[in-house]
Amino acid sequence: MRKIWRHLGEMWEYRDLVRNLVSRDLKVRYKNSILGIAWSWLNPLLMMLVYTLFFTVFLRRGDIAHYPVFLLSGLLPWNFFTGALLQGTGSIVSNGHLIKKVYFPREALPISVVLSNLVNFLIALPVFFVLTLVSGADVTGWVALLPFTILIEVFLATGLVLILSTINVFYRDTQIILDVIMLAAFFLTPVFYPIGDVPQQVELLGISFNAQLWLRRLNPMASIIASYRDLLYWGAPTGFDFLMRTAVTSLGILVVGYLIFLRYSPRFGEEV
């Protein structure tokens, strides 16, 4: 832990570099784009429209009130998570020229990607509240707890990005595999359906288990999405014990990810 605190102190000294990297990522994201930053609002709205048409028109599911609001409350944090992982995994390799030329804390690269996606998420978040007001849904005071849930997701995303970016330095097909994994994870995370749709009792290979419970345990994003939905859609607080377990899991992944990154980062210059 002493090693982590020392590197965190160094990261603080290089905070201006992180700020510049975040700014660069945001500028590159919308470079040569006609609509520019407006895509932060249009992208989730267009995705929401597609899923809403599919579930309410083609599948004729009308049991979820204000379905666009329900969907967007899960889709926005999911887009933040996937954007951070998919872009952050290649952050070391794609900046190999910087790593070979100058010294700076290598973790600044993947962390800046997570932060730039966080900024993009925060820019898109007002779209949710506008949609909520237009559709007649309610926003309660429990939304004040939203920063805590966002922080938990940042911990989880940062820890995973540190691990994946390290693996990608030595095994370049990591990003290709990750694309498939994230597609599967999207369907295994209650983004466009309520977690109550997952059956509690499932039998697989003769073994009976609670699928809903194990989905929450094995997929931290399922718990995080459920927390967002509690605050933004249901207007209720997430159970404290439930939220703390998710927070401890995310923090544990962050610590492990940081230790793995620090262990192998001295070799990055040779591999990229």
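Further up the page is the structure itself.
Residues numbered from 1 in each chain as written. Predicted model: local features only at pLDDT ≥ 70, side-chain atom pairs only at ≥ 80, totals over all residues. Heavy atoms only, no water.

Visitor: Explanation requested: the overall build of the chain in the structure shown.
Guide: A tally of helices and strands in the chain yields 13 helices and 2 strands. The C-alpha atoms of the chain give a radius of gyration of 20 Å, which matches the 19 Å a tight globule of 272 residues would have. Dimensions of the chain, computed from C-alpha atoms along their principal axes, come out at roughly 60 × 55 × 35 Å. Residue burial in the chain is summarised as follows: out of 272 residues, 47% are buried. Pairs at least 24 residues apart make up 79% of the contacts formed inside the chain by residues separated by at least 6 positions. Entry remark: accessible area of the chain is about 14400 Å², with carbon and sulfur atoms responsible for 68%. (Helix = DSSP H or I, 4+ residues; strand = E, 2+ residues; numbered from the N terminus. Rg over C-alpha atoms; globule rule 2.2 N^0.38 Å. Buried < 20%, exposed > 50% of the residue type's maximum accessible area, 1.4 Å probe, protein only. Contact = heavy atoms within 4.5 Å. Areas by Shrake-Rupley, 256 points an atom, 1.4 Å probe, with all protein chains shown as cover.)

Visitor: Before we go on, may I ask you to explain the packing of helix 2 (residues 15-29) against helix 7 (residues 108-135) in this structure?
Guide: Each pair of packed helices can be described by the angle between their axes along with the distance between the axes. The interhelical angle for the contact between helix 2 and helix 7, taken along N-to-C directions, is 55 degrees, at an axis separation of 8 Å. What the angle tells us is that helix 2 and helix 7 run oblique. Crossing geometry of helix 2 relative to helix 7 is assigned as right-handed. Contacts from Leu17, Val18, Leu21, Val22, Asp25, Leu26 and Arg29 in helix 2 reach Ala108, Leu109, Ser112, Val113, Leu115, Ser116, Asn117, Val119 and Asn120 in helix 7. Per-class residue counts for the contact of helix 2 with helix 7 are 10 nonpolar, 4 polar and 2 charged. (Axes fitted to C-alpha atoms, helices over the stretch in contact; angles between N-to-C directions. Parallel < 35°, antiparallel > 145°, perpendicular 65-115°, else oblique. Left-handed = near helix turned anticlockwise from the far one by under 90°. Nonpolar A, V, L, I, M, F, W, Y, C, P; charged D, E, K, R; others polar.)

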